[in-house]
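# Topology and contacts: notes
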Number of protein chains: 2
Amino acid sequence: MKSHNFYAGPAILPQEVLVEASSSALRYEDGLSIMEMSHRSKPLAAVFEEAERLIGELLDVPDDYKVLFLTGGASSQFYMVPMNILGANQTAGYVDTGAWSTKAIKEAKMFGNVNVLASSKDANFNYIPKDYEVPSDIRYLHLTSNNTIFGTQIQDFGNPSARLVCDMSSDIFSRRIDVSKFDIIYAGAQKNLGPSGVTLCIVKKDILGKVERTIPTMLNYETHIGKDSMFNTPPTFPVYVCLLTLRWLVKNGGVAGMEKRNQAKADLLYGEIDRNPLFKGTAVAEDRSKMNVCFELIDDSKNEAFLAAAAEANCIGLKGHRSVGGFRASIYNALDIESVQVLVNLMQNFEKKHG
Amino acid sequence: MKSHNFYAGPAILPQEVLVEASSSALRYEDGLSIMEMSHRSKPLAAVFEEAERLIGELLDVPDDYKVLFLTGGASSQFYMVPMNILGANQTAGYVDTGAWSTKAIKEAKMFGNVNVLASSKDANFNYIPKDYEVPSDIRYLHLTSNNTIFGTQIQDFGNPSARLVCDMSSDIFSRRIDVSKFDIIYAGAQKNLGPSGVTLCIVKKDILGKVERTIPTMLNYETHIGKDSMFNTPPTFPVYVCLLTLRWLVKNGGVAGMEKRNQAKADLLYGEIDRNPLFKGTAVAEDRSKMNVCFELIDDSKNEAFLAAAAEANCIGLKGHRSVGGFRASIYNALDIESVQVLVNLMQNFEKKHG
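Residues numbered from 1 in each chain as written. Chains lettered and ligands numbered in written order. Predicted model: local features only at pLDDT ≥ 70, side-chain atom pairs only at ≥ 80, totals over all residues.

### Here's the deal with the overall build of chain A
Helix and strand counts for chain A come out as 9 helices and 14 strands. Scaling as 2.2 N^0.38, a compact globule of 355 residues should have a C-alpha radius of gyration of about 20 Å, and chain A matches this with 21 Å. By the burial criterion, 54% of the 355 residues in chain A qualify as buried. Long-range contacts, defined as pairs at least 24 residues apart, comprise 68% of the intrachain contacts of chain A with a sequence gap of at least 6. (Helix = DSSP H or I, 4+ residues; strand = E, 2+ residues; numbered from the N terminus. Rg over C-alpha atoms; globule rule 2.2 N^0.38 Å. Buried ≥ 20, exposed ≤ 12 C-beta atoms within 10 Å, placed from the backbone. Contact = placed C-beta atoms within 7 Å.)

### Some details on unusual backbone geometry
Residues and elements named next belong to chain A. For the bond running from G9 to P10, omega is -10 degrees, close enough to zero to count as cis. Its location among the elements puts P10 in the loop between β1 (4-5) and α1 (15-26). At F173, a residue that is not glycine, the phi angle is positive and equals roughly 70 degrees. If you check the backbone angles, N314 has positive phi at about 60 degrees while not being a glycine.

### A closer look at the domain arrangement of chain A
All names here are of chain A. Segmenting chain A into domains produces domain 1 (15-251) and domain 2 (253-354). Computed over C-alpha atoms, the centres of domain 1 and domain 2 are 27 Å apart. Elements that contribute at least two residues to the side of domain 1 that touches domain 2 include exactly β6 (146-147), β7 (152-153) and α6 (236-251). When the residues that make up the side of domain 1 that touches domain 2 are grouped by side-chain class, the tally is 10 nonpolar, 10 polar and 4 charged. (Domains from an automatic or database assignment. Nonpolar A, V, L, I, M, F, W, Y, C, P; charged D, E, K, R; others polar.)

### Some remarks on the environment of A11 of chain A
Relative to the helices and strands, A11 of chain A resides in the loop between β1 and α1. On the basis of neighbour count, A11 of chain A is assigned to the buried category, with 28 C-beta atoms found within 10 Å. Each residue touching A11 of chain A, except ones within four places of it in the same chain, is listed here: N5, Q190, K191, S330 and Y332 of chain A together with E36 of chain B.

### Some words on the sheet that holds strand β14 (residues 327-330) of chain A
Residues and elements named next belong to chain A. Here 3 strands make up an open sheet; going across it, the order is β11-β12-β14 and the pairing antiparallel. Both outer strands of the open sheet, β11 (279-281) and β14, are each paired with one neighbouring strand and no more. Sheet twist, expressed as the mean angle between neighbouring strand axes with direction ignored, is 35 degrees. Where strand β12 (residues 292-297) lies against β14, 4 bridges are found, and the strand directions are antiparallel. Bridging from a neighbouring strand, V293 pairs with A329 of β14. (Pairing = 2+ DSSP bridges. Axes fitted to C-alpha atoms, helices over the stretch in contact; angles between N-to-C directions.)

### Topic: helix α4 (residues 99-108) of chain A
Residues and elements named next belong to chain A. When we look at burial in α4, the residues that qualify are W100, S101, A104, E107 and A108. Down the axis of α4, the smallest arc covering the buried residues is 120 degrees, so these residues share one side. Those residues of α4 hidden inside the fold are in contact with α3 (73-85), β3 (91-96), β4 (113-119), β5 (141-144), β6 and β8 (164-167). (Arc of directions from axis to C-beta.)

### Some words on the packing of α1 of chain A against α6 of chain A
All names here are of chain A. At a closest axis distance of 9 Å, the pairing of α1 and α6 adopts a crossing angle of 145 degrees. Judged by the sense of rotation from one axis to the other, the crossing of α1 with α6 is right-handed. Across the interface between the two elements, E16, V17, E20, A21 and S24 of α1 pack against Y240, V241, L244, T245 and W248 of α6. Its residues assigned to classes, the contact of α1 with α6 comprises 6 nonpolar, 2 polar and 2 charged. (Left-handed = near helix turned anticlockwise from the far one by under 90°.)

### Points about the pairing of β8 of chain A
All names here are of chain A. As paired elements, β5 and β8 share 4 bridges and run parallel to each other. If you follow L141 over to β8, its bridge partner there is L164. Here β8 pairs with strand β9 (residues 182-188) via 4 bridges, running parallel. Each bridged residue has a counterpart across the sheet, and for L164 the counterpart in β9 is F182.

### Overview of the nonpolar core
Ranked by internal contacts, the top residues of the largest apolar core, which has 211 residues, are L200 of chain A together with L200 of chain B. Those residues in contact with L200 of chain B that sit more than four places away from it in its chain are F69, I172, Y186, A187, A189 and L193 of chain B. (Core = buried A, V, L, I, M, F, W, Y, C linked by C-beta atoms within 7 Å.)

### Digging into the interface of chain A and chain B
In this assembly, 53 residues from chain A lie in contact with 53 residues from chain B. Listed by contribution, the elements that provide at least two residues to the side of chain A that touches chain B are α1, α3 and α6 of chain A. For the side of chain A that touches chain B, the element with the highest residue contribution is α1 of chain A, accounting for 6 residues.

### Details of the relation of the copies chain A and chain B
When chain A is fitted to chain B, the best match, at an RMSD of 0.0 Å, comes from turning it 180 degrees and sliding it 0.0 Å along the axis. Such a combination of rotation and displacement between the chain copies is what one expects of a two-fold axis. Proximity to the rotation axis, assessed at the C-alpha, singles out S22 of chain A in chain A; its C-alpha lies 2.2 Å from the axis. Taken together, the interface assignments show that 100% of the residues at the interface of chain A recur at the interface of chain B, consistent with an identical surface on both copies. (Least-squares fit on C-alpha atoms with pLDDT ≥ 70 in both.)

### Describing the confidence of the model for chain A
Put simply, chain A has an average pLDDT of 97, and 100% of its residues get 70 or more. Predicted complex metrics record ipTM = 0.98 and pTM = 0.98. (pLDDT = per-residue confidence, 0-100.)

### Observations regarding the environment of Y332 of chain A
All names here are of chain A. Along the chain, Y332 turns up in the loop between β14 and α9 (337-354). As for Y332 and A8, which are separated by 324 residues in sequence, their C-alpha atoms are 8.5 Å apart. Those residues within four positions of Y332 in sequence are excluded, and the remaining contacts are A11, I12, K191, N192 and M291.

### Some words on the sheet that holds strand β14 (residues 327-330) of chain B
Residue and element names in this part refer to chain B. Pairing in this open sheet of 3 strands is antiparallel, and the strands run β11-β12-β14 from one edge to the other. Each edge of the sheet is formed by a strand with only one pairing partner; in this case those strands are β11 (279-281) and β14. The sheet shows a mean angle of 35 degrees between the axes of neighbouring strands, taken without regard to direction.

### Overview of the environment of P10 of chain A
The exposure class assigned to P10 of chain A is buried, which follows from the 31 C-beta atoms found within 10 Å. In sequence terms P10 of chain A and G194 of chain A are 184 residues apart; their C-alpha atoms lie 8.4 Å from each other. Beyond its immediate chain neighbours, meaning those up to four positions away, P10 of chain A contacts Q190, P195 and S196 of chain A together with M35, E36, M37, S38, H39, T233 and T236 of chain B.

### Notes on helix α6 (residues 236-251) of chain B
All names here are of chain B. With 16 residues, α6 extends 23 Å between its outermost C-alpha atoms, agreeing within 8% with the 22 Å of an ideal straight helix rising 1.5 Å per residue. Here α6 has its buried residues at T236, F237, P238, V239, Y240, V241, C242, L243, L244, T245, L246 and L249. After α6 finishes, the residue G253 shows a positive phi value of roughly 90 degrees. (Expected span 1.5 Å × (residues − 1).)

Written as structure tokens, this is what we have:
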């Protein structure tokens, strides 16, 4: 029996993606597994071309951007971004909305000046700061669109006066975005795009080549742009699974379709959290994430009982991150609303028993 | 029908590994695909622990070393090695044996002094330089154990007077090695270890932390040592397939078993190359690789005819790299001698028809 998968990442993938990935892991072309084929072979070249094209179509990526498949996760983009586009005497603005942005700030300081424009650390990152000034002379403004650990999400990027760089690891492809506002968008694949082992970067090409420092070849975005993500041997199977997920996205209404689907799931779950007298949400309501729903029992002595009930209902991955506690239900694109309903039923049964 | 897979990498994997990988890609535990499970879950922690342990056992890795699973391929180690262990005023010795070592030299120059002690560039890298002096004051001597493109291989590391750093991407696990001679061994997984998307590093721990420069967190080996390769989300599925391959290695006699098996395959194929009047090997005989067998037709106007005959015999991936031309048969651990025999038969039939 298949569990209801609420893992924060690596996370749920669409069932039809798994079926096809499993089949291709055994046999793809010429009787070979896709894992044992050269990245220079025609079938693999076709995989990369289609994946890049579908991302361009799904997110309406302008022509002067390049879609890249890299490795090393968002954690590697924390330093690659400033290494490539922040001059030693330039300043970047960062908004600190949790563990990941804190790490991004730490790495950026190795390359230039960092101005932390706002932070929600004062309230354990349970909200998204909004009323901060953006200095006119910053090279870029770095944002984290969704904070997996704390369950907050930027609802609207507005019309920022600075160029944006954004870590979208945990909500890319979950809603429509205007790529033209961003100099760089990056995202670890392992939430809405595919399995772990690939990092998606969408880079505005004309911002590159302007810093003076020496950049190792593999760390220069221009290297990968010039070779269509095939400068070195790329993670072929993870990229292939991303392609299957992208095809599923297209078939299911694209990002607009996902946005609608995700809103319905979030409404259902937050509705129950707000209704059920035993539970409360941990994030400020207007900043609640539609990807990672963080909540807790008002009486936390019942935590273990709730997790045990969850296990019995085949709900996996609900334990909250240690820095927040309580529970976290990650409800990424691939999760069906039926799984959210199972969780809601679980909360209602828990109320009947313990309320 | 399964083809005979001579791809240089990503390359052939054992059939039983593919069967199990395919199954786990669909369902592993709790009805979930292994790709959609958290790297913090118990099953994934067990995968990483066992993979690390098996590598330690197979290569007899001393206790003061750490086995790491990183990403970015050998191409990323080209800069990570000097960034971590070569001081700005120190000198490293490099032996230039082909395209990959040339790239390693280029990256190392960004961090310290590089002394290219020997090169076989004068003969299109068709041999391994041997009679060069190793200065006593170099920080390390960098070698490439096997040159995938040119079909040469270091047969014996001898007793070097310097500490060694070695790119073993294309022959690790193919033969016994004495790890204690090396400060760092690195290898892209996609030849003898698994699919692309993982890089194996074996690092002597006490060499770290001695350079003055600022190192981004993700690029510091110490970061990954401290977190058992789980500082960030690792490429879980590729590492899992590596584990399956490691188990296959253990079951098939370990590296000593592979060494014997690889010797038999190499003897068979080089025997035919030397016997058949239509063909000749491109590498100097004593430096011939047991992993990548490079050869050519003496009359190269028949190249297309040979490749067509190969395709008809379901032999895949035999076209030589453009910088050498001719043909290349990669005969990694997982390739059965039966596939080499098919190639030998093909060469003999070609002789009958065109000789």
